[in-house]
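Structural characterization, general
The chain contents come next:
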Amino acid sequence: MKTKHAPLFITFEGIDGAGKSTHIATLAQRLREAGRTVRVTREPGGTALAERLRELLLQEPMDALTEALLMFAARRDHLVRVIEPALAAGEVVLCDRFTDATFAYQGYGRGFDLVVLETLERWVQTTGTGLRQPDLTLWFDVPPATAAARLAGARQPDKFEAEPLAFFERVAAGYARRAAGSPERVVRIDAVQDVAGVWAQVEAVCRQRGMW
Ligand SMILES: Nc1ncnc2c1ncn2[C@@H]1O[C@H](COP(=O)(O)OP(=O)(O)O)[C@@H](O)[C@H]1O
Ligand SMILES: Cc1cn([C@H]2C[C@H](O)[C@@H](COP(=O)(O)OP(=O)(O)O)O2)c(=O)[nH]c1=O
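These lines cover the structure that appears in this document, whether it is placed above or below. Since the model is a prediction, treat every value here as computed from it, not as a measurement.

Next up on the list: the overall build of the protein chain. Helix and strand counts for the protein chain come out as 8 helices and 7 strands. What you see for the protein chain is a C-alpha radius of gyration of 16 Å, in line with the 17 Å of a compact globule of 212 residues. Summarising its shape, the C-alpha atoms of the protein chain cover approximately 50 × 40 × 30 Å along the three principal directions. Counting all 212 residues of the protein chain, 52% fall into the buried class. Summarising the internal contacts of the protein chain: among those between residues at least 6 apart in sequence, 78% fall at separations of at least 24. Carbon and sulfur atoms make up 55% of the accessible area of the protein chain, which totals about 10000 Å². For the protein chain, the separation between the mean place of its 27 positive charges and that of its 27 negative charges on side chains is 5 Å.

Right, here's the structure in full:
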């Protein structure tokens with residue numbers, strides 16, 4: 001009964017190196033222990049087509065509109081073929097990034113028109129069940145310099161990770177604006193803390209929302 005109103009579609013947001021992937025894995029494990037069926041997925045990606053678009057998006061230079069359109073094309077395929085069916089089956093969907101990332105990276109980071117992004121958001125996220133939005137978004141907030149230090153040497157930077165610190169300052173500010181605009185949906189996680197401290201915050205939010 002407790003899980004009846006629990007959020008089913010949970011997105012993880014924040015700049016590269018904030019710690020999203022680390023905590024998605026832990027939350028998935030915790031939810032499975034609580035008896036939930038969990039789908040872990042990511043954007044751009046999550047379907048064969050969207051993963052091919054991801055390769056292009058993360059490697060190829062392109063103008064901001066092309067980038068935004070490909071992000072939303074990947075999202076539509078992912079939403080229709082994976083997210084909606086999983087939610088319809090009562091699964092919990094944990095998604096590494098969603099549309100807040102498009103606003104933060106393409107909108108605030110690249111300076112692309114936010115009104116156009118809002119239009120694309122409505123088109124792409126409207127399905128047979130209405131306008132799909134995450135039930136809960138965990139925003140891993142960390143200063144860009146801290147995230148960059150975590151990533152240094154951890155992996156080969158892709159097109160976005162190779163952007164200068166000033167880009168990530170704009171993206172981080174974009175996430176803050178998105179969070180302020182949807183306080184009931186977006187929960188800020190202080191991602192500067194160590195892994196145990198960050199997990200304690202995630203755990204507390206999920207417990208409060210009746211997830212176990
Ligand atoms: N709270 C933390 N403190 C220190 N290092 C962390 C923390 N969370 C994650 N890391 C490390 O930082 C790097 C990036 O973490 P990751 O979870 O891949 O971030 P993201 O998915 O947000 O890009 C990894 O090497 C990970 O082990
Ligand atoms: C979903 C999405 C991601 N991105 C970017 C942010 C990331 O730098 C990149 C891939 O995201 P991510 O999966 O977090 O990369 P990694 O697995 O290397 O941590 O795509 C956008 O610019 N817009 C979007 O809408």
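Right, picking up where we left off after that structure.
The strand order β2-β3-β1-β6-β7 describes an open sheet built from 5 strands, whose pairing is parallel. Two strands lie at the open edges of the sheet, namely β2 (38–42) and β7 (186–190), each paired on one side alone. The mean inter-strand angle of the sheet, taken between neighbouring strand axes irrespective of direction, is 20°. Of the strand pairs in this sheet, strand β1 (residues 9–13) and strand β6 (residues 136–141) are connected by 4 bridges, and their pairing is parallel. Looking at β6, one finds that threonine 11 is bridged to threonine 137.

Around ligand 2, the surrounding shell holds 16 residues, and the nearest of these are Asp16, Arg97, Thr102, Gln106 and Arg155. Arginine 97 places a polar side-chain atom, nitrogen or oxygen, 2.6 Å from an oxygen atom of ligand 2. At 3.1 Å from an oxygen atom of ligand 2 is found a side-chain nitrogen or oxygen belonging to glutamate 161. Coverage of ligand 2 by the protein amounts to 93% of the 550 Å² it exposes when considered alone. With 4 residues, helix α4 (residues 99–109) is the largest single contributor of residues to the shell around ligand 2. Here the residues of the shell around ligand 2 sort into 6 nonpolar, 2 polar and 8 charged.

The rules behind these values
- Residues numbered from 1 in each chain as written.
- Chains lettered and ligands numbered in written order.
- Predicted model: local features only at pLDDT ≥ 70, side-chain atom pairs only at ≥ 80, totals over all residues.
- Heavy atoms only, no water.
- Helix = DSSP H or I, 4+ residues; strand = E, 2+ residues; numbered from the N terminus.
- Rg over C-alpha atoms; globule rule 2.2 N^0.38 Å.
- Buried < 20%, exposed > 50% of the residue type's maximum accessible area, 1.4 Å probe, protein only.
- Contact = heavy atoms within 4.5 Å.
- Areas by Shrake-Rupley, 256 points an atom, 1.4 Å probe, with all protein chains shown as cover.
- Lys, Arg positive; Asp, Glu negative; His and termini not counted.
- Charge placed at Lys NZ, Arg CZ, Asp CG, Glu CD.
- Pairing = 2+ DSSP bridges.
- Axes fitted to C-alpha atoms, helices over the stretch in contact; angles between N-to-C directions.
- Near = heavy atom within 4 Å.
- Polar contact = N/O pair within 3.5 Å; in protein donor to acceptor, adjacent residues only side chain to side chain.
- Nonpolar A, V, L, I, M, F, W, Y, C, P; charged D, E, K, R; others polar.

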